[in-house]
Amino acid sequence: MPNPANVRAALRSLEIETPSWAYGNSGTRFKVFAQAGVPRTPQEKIADAAQVHRFTGSAPSVALHIPWDRVDDFTELAKYTHDQGVRIGAINSNVFQDDDYKLGSVTNPDPRVRRKAVRHLLDCVDIMDATGSRDLKLWFSDGINYPGQDDLRDRQDRLAEALREVYDRLGPHQRMLLEYKLFEPAFYATDVPDWGTSYAHCVELGPRATVCIDTGHHAPGTNIEFIVAFLLRAGRLGAFDFNSRFYADDDLMAGAADPFQLFRIMYEIVRADSLSSGIAFMLDQCHNIEAKIPAVIRSVLNVQEATAKALLVDRDALRAAQLEGDVLGANAVLMDAYNTDVRPLLAELRTEDGLDPDPVGAYRRSGYGERVVAERVGGQQAGWNA
Ligand code: LRH
Ligand code: MN
């Protein structure tokens, strides 16, 4: 059986990075439902992220998205973030919202557009130097909608050239996270559509290029934990964008749609002793209709619960059953852990750490939500500027 002290220590070491854009308005092509109290500035987004850490104790960093979170002085912003009790995490580039990028950004047939896109990516590395961030997260909406629209091979050459230039600009302690996505906004071919394409480019680039798995970016039925196990074995799993979905890139709360999948993913992390090996556990979600801060708190708890269940797997018993070919026995060992109610354990840990055992309830009782609704009147609410 797992050693309870190790389980508790591992749970205490779990850090989940929350995305600044989860605190802003978001929606679908049909409607963005604005919410009262939504942040207007990067500072207000960071203040909201600090609330998630205040009540969970496990969300010490916030990912930024450029230009959504552009400020004049990123060193000053990093100091402000520190004063709020959290730190700036990954810097997300954005080459998916400029008119010039209609036919692609770094893969665009027009070299002038490619230069512009690479310029933005290099700017993001400059920002990392100012914020002290380790990770540059790259997601490209690049792709084509019709067969023949452009040459698939040429686009890969253009992508590789751009990634090389950015990789060579990274500082010694900086990493590249290359995120893939099967489709949307491109609806025929996406230039980084799957883990294999991302992995191949990462291997071509060098050791500080790693794959980012967004759990909403796969074809229905994809066995994501297999991808996790494979990339861990190859030493190229850099990060997760956790969220959940019933259909496509729904960006719902992590663990909400498929808590069993989140458990299976975290079990591969635990099995590889990689819970605190530098993998960035990030959320990438949009709270289109629900209150945003409580939704992010709930998501952090869902990742904690999946991780706690994964840590409770009796790995010796599992391995013994696996090596004996005891199919049902092996599956039962895993299901025993998954079917364990870990909420009392997590509540106990929070209490020991001076936190309220019920973070969502504690946040609601704090009155912070009502306070920002009263304070944040006027100004331009943050969103995707889409
Ligand atoms: C793309 C994506 C990417 C971010 C964006 C906010 O779908 O997952 O990680 O840049 O969402
Ligand atoms: Mn993502």
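For the structure, see preceding data.
Now for a description of the structure that goes with this document. (Residues numbered from 1 in each chain as written. Chains lettered and ligands numbered in written order. Predicted model: local features only at pLDDT ≥ 70, side-chain atom pairs only at ≥ 80, totals over all residues. Heavy atoms only, no water.)

**Here we look at a negative patch on the surface**
Together, Asp151, Asp154, Asp157, Glu161 and Glu204 line one region of the surface with negative charge. Tallying contributions element by element places helix α5 (residues 152-169) first for the negative patch, with three residues. Counting through the fold element by element, Asp157 comes out in helix α5. Given a relative accessible area of 44%, Asp157 falls into the partly exposed group. (Patch = residues over 30% accessible without salt bridge, like charges linked within 9 Å, V, L, I, M, F, W, Y side chains within 5 Å. Areas by Shrake-Rupley, 256 points an atom, 1.4 Å probe, with all protein chains shown as cover. Salt bridge = Lys/Arg side-chain N within 4 Å of Asp/Glu carboxyl O. Lys, Arg positive; Asp, Glu negative; His and termini not counted. Charge placed at Lys NZ, Arg CZ, Asp CG, Glu CD. Helix = DSSP H or I, 4+ residues; strand = E, 2+ residues; numbered from the N terminus. Buried < 20%, exposed > 50% of the residue type's maximum accessible area, 1.4 Å probe, protein only.)

**Quick word on the coordination of the manganese ion (ligand 2)**
Taken together, the protein donors to the manganese ion (ligand 2) comprise Glu179 (OE), Asp214 (OD), Asp241 (OD) and Asp284 (OD), at separations of 2.1 to 2.2 Å. Its six donor atoms give the manganese ion (ligand 2) angles of 73 to 169° at the centre, a pattern that matches the octahedral case. Coordination of the manganese ion (ligand 2) draws on donor residues from a single chain, spaced E-x34-D-x26-D-x42-D in sequence. Of this pair, Asp241 sits in strand β9 (residues 237-242) while Asp284 sits in the loop between β10 (280-283) and α9 (292-311), and the two are 43 residues apart along the sequence. When sorted by exposure, Asp241 lands in the same class as Asp284, which is buried. (Donors = N, O, S within 2.8 Å, 3.2 Å for Na, K, Ca; no water. Tetrahedral: all angles 85-135°; square planar, octahedral: opposite > 155°, others 65-115°.)

**A short note on the site of ligand 1**
By nearness alone, 13 residues border ligand 1, and His65, Lys137, Glu179, Asp214 and Asp284 come closest of all. Measuring from an oxygen atom of ligand 1, one finds a side-chain N or O atom of Lys137 at 2.9 Å. Measuring from an oxygen atom of ligand 1, one finds a side-chain N or O atom of Asp284 at 2.7 Å. With the chains in place, 97% of the 300 Å² that ligand 1 exposes on its own is no longer accessible. Taken together, the residues of the shell around ligand 1 break down into four nonpolar, two polar and seven charged. (Near = heavy atom within 4 Å. Polar contact = N/O pair within 3.5 Å; in protein donor to acceptor, adjacent residues only side chain to side chain. Nonpolar A, V, L, I, M, F, W, Y, C, P; charged D, E, K, R; others polar.)

**Quick look at helix α1 (residues 4-13)**
Taken as a whole, α1 has its buried residues at Val7, Arg8, Ala10 and Leu11. For α1, the angular spread of buried residues about the axis comes to 165°, placing them on one side. Tucked inside the fold, the buried residues of α1 contact α9 and α12 (343-352). Among the residues of α1, the N-terminal cap falls to Asn3, whose side-chain oxygen and the backbone nitrogen of Ala5 are separated by 2.6 Å. (Arc of directions from axis to C-beta. Contact = heavy atoms within 4.5 Å.)

**Things to note about the pairing of strand β8 (residues 209-214)**
Extensive coverage of β8 is indicated by the burial of six of its six residues. As defined by bridge partners, strand β6 (residues 175-179) adjoins β8 across four bridges and the pair is classed as parallel. Bridge pairing links Glu179 to Cys212 in β8. With four bridges joining them, β8 and β9 adopt parallel strand pairing. When the sheet's bridge partners are listed, Cys212 is paired in β9 with Ala239. Each parallel crossover has a hand, and the one from β8 via helix α7 (residues 224-234) to β9 is right-handed. (Pairing = 2+ DSSP bridges. Right-handed = clockwise from strand over helix to strand, strands pointing away.)

**Examining the nonpolar core**
With 101 residues, the main nonpolar core has Phe140, Ile213, Phe240, Phe242 and Ile269 as its most contacted residues. Contacts of Ile269, omitting those with residues within four sequence positions, involve Val228, Leu232, Leu237, Phe240, Ser274, Leu275, Ile279 and Phe281. In terms of nonpolar packing, the next biggest core, distinct from the first, is built from nine residues, Leu177, Cys212, Ala280 and Met282 among them. (Core = buried A, V, L, I, M, F, W, Y, C linked by side-chain atoms within 4.5 Å.)

**Topic: empty space enclosed by the protein**
Evaluation of the coordinates by the stated rule reveals two cavities of 30 Å³ or more. Lining the largest cavity are Thr215, Phe242, Asn243, Ser244, Gly255, Asp258, Gln261, Leu262 and Ile265. Among the elements that line the lining of the largest cavity, the one with the most residues is helix α8 (residues 259-271), at three residues. Split by residue class, the lining of the largest cavity holds three nonpolar, five polar and one charged. Put simply, the second largest cavity is a space of about 30 Å³. Around the second largest cavity, the lining residues are Lys181, Leu182, Phe183, Gly216, His217, His218 and Asp249. When grouped by side-chain class, the residues that make up the lining of the second largest cavity number two nonpolar, three polar and two charged. (1 Å grid on protein atoms, 1.4 Å probe; cavity = no way out; pocket = protein on both sides within 12 Å on 5 of 7 lines; lining within 4 Å. Points joined across faces, edges and corners; volume = space filled by probe spheres on them.)

**Some points on the packing of aromatic side chains**
By the definition in use, this model includes 17 aromatic pairs. Ring geometry for Tyr199 and Phe230: centres 5.8 Å apart, planes at 90°, overall edge-to-face. On the criterion of sequence distance, the pair formed by Tyr199 in helix α6 (residues 195-205) and Phe230 in helix α7 is long-range, its members being 31 residues apart. Feature note: the residues Trp21, Trp68, Phe96, Trp139 and Trp384 constitute an aromatic cluster, connected by ring pairs. The cationic tip of Arg208 hangs over the ring face of Tyr167; the distance from NZ or CZ to the ring centre is 5.4 Å. We note Lys309 situated over the ring of Tyr338; from NZ or CZ to the ring centre the distance is 4.8 Å. (Phe/Tyr/Trp six-rings, centres within 6.5 Å; stacked < 30°, edge-to-face > 60°. Lys NZ or Arg CZ within 6 Å of the ring centre and 35° of its normal.)

**Notes on the pattern of salt bridges**
Two side chains of opposite charge can pair, provided their charged atoms sit close to one another. Summed over the entire model, instances satisfying the criterion amount to 35 salt bridges. The closest approach of N and O atoms between Arg155 and Asp191, which form a salt bridge, is 2.9 Å. Taken together, the residues span a long stretch of sequence, with Arg155 in helix α5 and Asp191 in the loop between β7 (189-190) and α6 at a distance of 36 residues. Arg298 is the partner of Glu305 in a salt bridge, and the nearest nitrogen-oxygen pair spans 2.9 Å. Under the relative-accessibility criterion, Glu305 is labelled buried at 17%. Look at the salt bridges and you will find they share partners, linking Arg8, Arg12, Glu348, Glu352 and Asp353 into a network.

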